[in-house]
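# Coordinate analysis (summary)
Listed below are the residues making up each chain.
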Amino acid sequence: MNSFRAIQQRAEKRKGGKDALLSLLPSSVSEDAITAQSDAYFLAEMTRSIFQCGFVWRFINNKWPGFCEAFFDFDQSRLMRLSEDDWGNFLKDTRIVRHRQKIQSVRHNLWFVHEISVQENGFGQFLVDWPKSELTDLFRFLKSKGSRLGGNTGAYFLQHVGVDSFALTGDVVSCLKMHGLEISDKPASQKDLKLIQQTFNQWHDDTGLTYRNLSMIAAYSVGENKVHADDFE
């Protein structure tokens with residue numbers, strides 16, 4: 001297998017040099033900053049990630065003030081008091097994207113975030129306590145316990161809130177396959193995910209780079225991507 005240095009050199013060449021590549025990579029968010037965030041913040045970013053799926057992210061971001069107004073700034077105590085009719089009324093609310101299943105996911109994830117927060121002394125604490133060497137297990141947990149957090153949605157949510165995480169975009173998967181991994185084009189099996197996690201762990205140990213930046217460099221190294229740092233925020 002090629003070393004990650006070869007991947008990084010390819011990304012540097014494609015993006016205009018080492019400094020140009022480094023300028024595209026985001027800085028890390030401290031664990032203290034993550035744990036200081038409210039549960040409402042995590043529910044909001046979870047919701048944003050879910051609604052961005054299938055849409056141009058900019059479209060959802062432009063409507064986001066309306067989402068915050070409609071969902072009471074994701075205040076859990078207020079959302080928990082909503083009736084069945086209140087939740088149904090969101091389907092007529094033009095401040096948001098009126099997608100029934102995604103609206104229902106807000107209701108489900110409201111209680112998901114609350115229950116984890118009670119158990120783990122805060123949802124942010126739960127996220128920072130999860131070992132980065134087992135991120136694919138966290139992806140599976142979010143998918144199984146949350147609503148509409150499968151695929152890359154869970155990974156994007158983690159990145160949005162500052163958790164150091166990779167995302168298995170098409171370009172990242174292409175890079176991994178070029179690296180020698182025998183995985184599917186849309187890896188979802190435990191075997192594929194375990195192999196991917198082991199590879200990222202090795203890259204992290206070898207380079208000292210964050211999992212997120214490893215993911216971005218891998219994406220920049222292949223294909224016809226026009227990825228910018230904003231696409232990962």
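Just so you know, these numbers come straight off a predicted model, no measurement behind them.

### A few points about the packing of helix 4 (residues 39-52) against helix 11 (residues 153-160)
Two elements in contact, helix 4 and helix 11, have axes whose closest approach is 9 Å; the angle formed by their N-to-C orientations is 135°. Of the possible angle classes, the one that applies to helix 4 and helix 11 is oblique. Here helix 4 and helix 11 pass one another in a crossing that is right-handed. Here Tyr41, Phe42, Glu45, Met46, Ser49, Ile50 and Gln52 of helix 4 lie close against helix 11, whose contacting residues are Thr153, Tyr156, Phe157 and His160. Here the residues of the contact of helix 4 with helix 11 sort into six nonpolar, four polar and one charged.

### A word on the packing of helix 10 (residues 135-145) against helix 13 (residues 190-207)
Here helix 10 crosses helix 13 at 140°, and the two axes come no closer than 8 Å. Here helix 10 lies oblique to helix 13, going by the angle between them. On the side of helix 10, the interface is formed by Leu135, Thr136 and Arg140, while helix 13 contributes Gln190, Leu193 and Gln197.

### Remarks on a nonpolar patch on the surface
Together, Phe55, Val56 and Phe59 make up a nonpolar patch on the protein surface, roughly 270 Å² of accessible area in all. Within the secondary structure layout, phenylalanine 55 lies in the loop between helix 4 and helix 5 (57-70).

### Section: the packing of aromatic side chains
Counting across every chain of the model gives 22 aromatic pairs. Taking the centre distance of 5.6 Å and the plane angle of 15° together, the rings of tryptophan 64 and phenylalanine 74 count as stacked. Taken together, the residues span a long stretch of sequence, with tryptophan 64 in helix 5 and phenylalanine 74 in the loop between helix 5 and helix 6 (76-80) at a distance of 10 residues. Overall, the relative accessible area of 8% leaves tryptophan 64 in the buried class. The interplanar angle of 35° and the centroid separation of 4.5 Å between the aromatic rings of phenylalanine 71 and phenylalanine 90 together place this pair among those described as tilted. Pair noted here: phenylalanine 71 is in the loop between helix 5 and helix 6 and phenylalanine 90 is in the loop between helix 7 (84-89) and helix 8 (100-120), with a separation of 19 residues, a long-range link. There is no split in this pair, since phenylalanine 71 and phenylalanine 90 are both buried.

### As for the nonpolar core
Formed by 51 residues in total, the largest nonpolar core has its most connected members in Phe112, Phe123, Leu127, Phe157, Leu176 and Phe200. Tallying contributions element by element places helix 14 (residues 211-220) first for this core, with seven residues. When neighbours within four sequence positions are excluded, phenylalanine 200 is seen to be in contact with Phe166, Val172, Leu176, Tyr211, Leu214 and Ser215. Listed in part, the 20 residues of the second largest apolar core include Ala44, Ile60, Ala70 and Ile103.

Reading the values: rules and limits
Residues numbered from 1 in each chain as written. Predicted model: local features only at pLDDT ≥ 70, side-chain atom pairs only at ≥ 80, totals over all residues. Heavy atoms only, no water. Axes fitted to C-alpha atoms, helices over the stretch in contact; angles between N-to-C directions. Helix = DSSP H or I, 4+ residues; strand = E, 2+ residues; numbered from the N terminus. Parallel < 35°, antiparallel > 145°, perpendicular 65-115°, else oblique. Left-handed = near helix turned anticlockwise from the far one by under 90°. Contact = heavy atoms within 4.5 Å. Nonpolar A, V, L, I, M, F, W, Y, C, P; charged D, E, K, R; others polar. Patch = residues over 30% accessible without salt bridge, like charges linked within 9 Å, V, L, I, M, F, W, Y side chains within 5 Å. Areas by Shrake-Rupley, 256 points an atom, 1.4 Å probe, with all protein chains shown as cover. Salt bridge = Lys/Arg side-chain N within 4 Å of Asp/Glu carboxyl O. Phe/Tyr/Trp six-rings, centres within 6.5 Å; stacked < 30°, edge-to-face > 60°. Buried < 20%, exposed > 50% of the residue type's maximum accessible area, 1.4 Å probe, protein only. Core = buried A, V, L, I, M, F, W, Y, C linked by side-chain atoms within 4.5 Å.

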